[in-house]
Amino acid sequence: MSKRISLLDGWRGLACLLMIVYHLLFDFYMFGWVGRSFIFGTPMVIFERFIAYSYILCAGISAHYTHSNLRRGLITAGAGVLVIIASFIVDAPILFGVLQFLSAAMILYALIGRWTEKVPEKIAPFLWLGLFILTKLWTENTLVQVKWLFWLGFKYSGFVSYDYFPILPYIFLFLLGAWLGRQLKKLQERSPDSPLLTAQAPRVLTWPGRHSLWIYLLHQPILYGACFVAYFLL
C-alpha cells in the first residue's frame, strides 16, 4: 500500500464532519424542529451533494491505495446492510444509499477496473464527467413500470429512499475519482516531494478521514438517540 496522502484524508474527513452536521439537521427535521422547506431547499441540497460527491470521489481515488478493492467493497456492503436495517426501524427507508453504491462500485472496480484504465488518460476525465451528466439527466427524467431497476438508477412511481445513489450516474463519478487516483500515483513516482503529496492537513480532519466508515455507522444512532431523548424532555 502506498503512503497515505494527508490532504486526501483531510478531504474525506471534512466530508465526514459535514455529514454529521447535515444528519443532525435532518434529525431536527424528523422531529419537527426545522421545516421541510429548509432541509430540502436548494442550499441544503447543494450542501448534501458536496458531501456525497466528496465521498464518492475520495473512494474512487482510494481505489489505487488499497490492497483489495474487493475486500473493501464487501466490508462496506456489510456496513450498508446495517444502515438499511436501521433506516427501516426509524421509518426513513434507504434503498441503495451511498454506502450501498460505494460497495457496489468498489466490487465492480475490482472486477473490471483494469479495462476502464485502458481509456486514454487525456480523454478519460471528460468521458467520465460527460457520461455522469448525461446518465444523470436520463435517469432523473425516466420512470419505469418495473420495481427492481431502482439500484441501476431507474425509479418507479411511488419510489421513496431517504438516501439514493444508484449505479447510474454515480459510477462515472467514481471512475473520475479513480482517474484522479492514477494521476496521484504517477505524481508520487515522478515527484514524491510535491506539496500536494507532502502537505499536512489538520489532525481534526485527517483522523475522521481515516476512520470514516466507523464514524458513518456510529454517528447517526448517537445523534438520533440524543434527539429522541431531547424530544421527550423538552
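Residues numbered from 1 in each chain as written. Predicted model: local features only at pLDDT ≥ 70, side-chain atom pairs only at ≥ 80, totals over all residues. Heavy atoms only, no water.

**Q** Tell me about the overall build of the chain, and name the residues and values.
**A** From N to C terminus, the chain includes 10 helices and 2 strands. When the elements of the chain are put in sequence order from the N terminus, they spell out α-α-α-α-α-α-β-β-α-α-α-α. Its C-alpha radius of gyration of 19 Å places the chain within 12% of the 17 Å reference for a compact globule of 234 residues. For the chain, the C-alpha atoms occupy an extent of roughly 60 × 45 × 30 Å along the three principal directions. Relative to all contacts within the chain whose residues are 6 or more apart in sequence, the contacts with residues 24 or more apart total 74%. Only carbon and sulfur atoms are counted for the fraction: they give 70% of the accessible area of the chain, which is about 12900 Å². (Helix = DSSP H or I, 4+ residues; strand = E, 2+ residues; numbered from the N terminus. Rg over C-alpha atoms; globule rule 2.2 N^0.38 Å. Contact = heavy atoms within 4.5 Å. Areas by Shrake-Rupley, 256 points an atom, 1.4 Å probe, with all protein chains shown as cover.)

**Q** Could you give an account of helix H5 (residues 98-116), with specific residues and numbers?
**A** Taking 1.5 Å as the rise per residue, H5 with 19 residues should run 27 Å; its terminal C-alpha atoms sit only 22 Å apart, a clear shortfall. Within H5, the axis deviates most sharply at Ala 110, by approximately 60 degrees. Those residues of H5 that fall on the buried side of the exposure criterion are Val 98, Leu 99, Gln 100, Phe 101, Leu 102, Ser 103, Ala 104, Ala 105, Met 106, Tyr 109, Gly 113 and Thr 116. Residues of H5 that are buried sit in contact with helix H3 (42-62), helix H4 (69-89), helix H6 (124-140), helix H7 (167-190) and helix H10 (212-233). (Expected span 1.5 Å × (residues − 1). Bend = angle between axes of the 7 residues up to and from the residue. Buried < 20%, exposed > 50% of the residue type's maximum accessible area, 1.4 Å probe, protein only.)

**Q** Got a sec to walk through the layout of surface pockets? Specific residues and values, please.
**A** When its volume is computed, the largest pocket comes out at roughly 1400 Å³. Lining of the largest pocket is provided by 47 residues; of these, Ile 94, Ser 161, Tyr 162, Asp 163 and Tyr 164 occupy positions nearest its centre. Of all the elements, H3 adds the most residues to the lining of the largest pocket, at 7 residues. Its residues assigned to classes, the lining of the largest pocket shows 32 nonpolar, 7 polar and 8 charged. For the second largest pocket, the calculated volume is near 810 Å³. In terms of lining, the second largest pocket is formed by 31 residues, of which the most central are Arg 4, Arg 12, Ser 62, Arg 72 and Ser 212. Counting only elements with at least two residues in the lining of the second largest pocket, the list comes to helix H1 (6-30), H3, H4, H5, helix H9 (203-210) and H10. A class-by-class count of the residues in the lining of the second largest pocket yields 15 nonpolar, 9 polar and 7 charged. (1 Å grid on protein atoms, 1.4 Å probe; cavity = no way out; pocket = protein on both sides within 12 Å on 5 of 7 lines; lining within 4 Å. Points joined across faces, edges and corners; volume = space filled by probe spheres on them. Nonpolar A, V, L, I, M, F, W, Y, C, P; charged D, E, K, R; others polar.)

**Q** So what about unusual backbone geometry? Which residues, and what values?
**A** Across the junction of Leu 168 and Pro 169, the peptide omega takes the value 10 degrees, indicating a cis bond. Secondary-structure assignment places Pro 169 in helix H7. Backbone geometry at Asp 91 places phi at a positive 60 degrees, although glycine is not the residue there. In this fold, Asp 91 is placed in the loop between H4 and H5. Positive phi values are uncommon outside glycine, yet Phe 96 reaches one of about 60 degrees. In this structure, Phe 96 sits in the loop between H4 and H5.

**Q** Any details on the side chain of His 219? Residues and values, ideally.
**A** Tracing the backbone shows His 219 in helix H10. A polar contact is formed between the side chain of His 219 and the side chain of His 23, at a distance of 2.6 Å. Every residue in contact with His 219, bar those within four places of it in the chain, is listed here: Met 19, Ile 20 and His 23. (Polar contact = N/O pair within 3.5 Å; in protein donor to acceptor, adjacent residues only side chain to side chain.)

**Q** If you had to explain the pattern of salt bridges to someone new, which residues and values would you point to?
**A** A side chain of one charge can pair with a side chain of the opposite charge when the charged atoms of the two come close. Summed over all chains, the structure comprises 7 salt bridges. In this structure, Arg 4 engages Asp 9 in a salt bridge whose closest nitrogen and oxygen atoms are separated by 2.7 Å. On the accessibility criterion, Arg 4 (42% relative accessible area) is partly exposed. Classification of Asp 9 as buried rests on a relative accessible area of 2%. For the salt bridge of Arg 49 with Glu 48, the shortest nitrogen-to-oxygen distance reads 2.7 Å. (Salt bridge = Lys/Arg side-chain N within 4 Å of Asp/Glu carboxyl O.)

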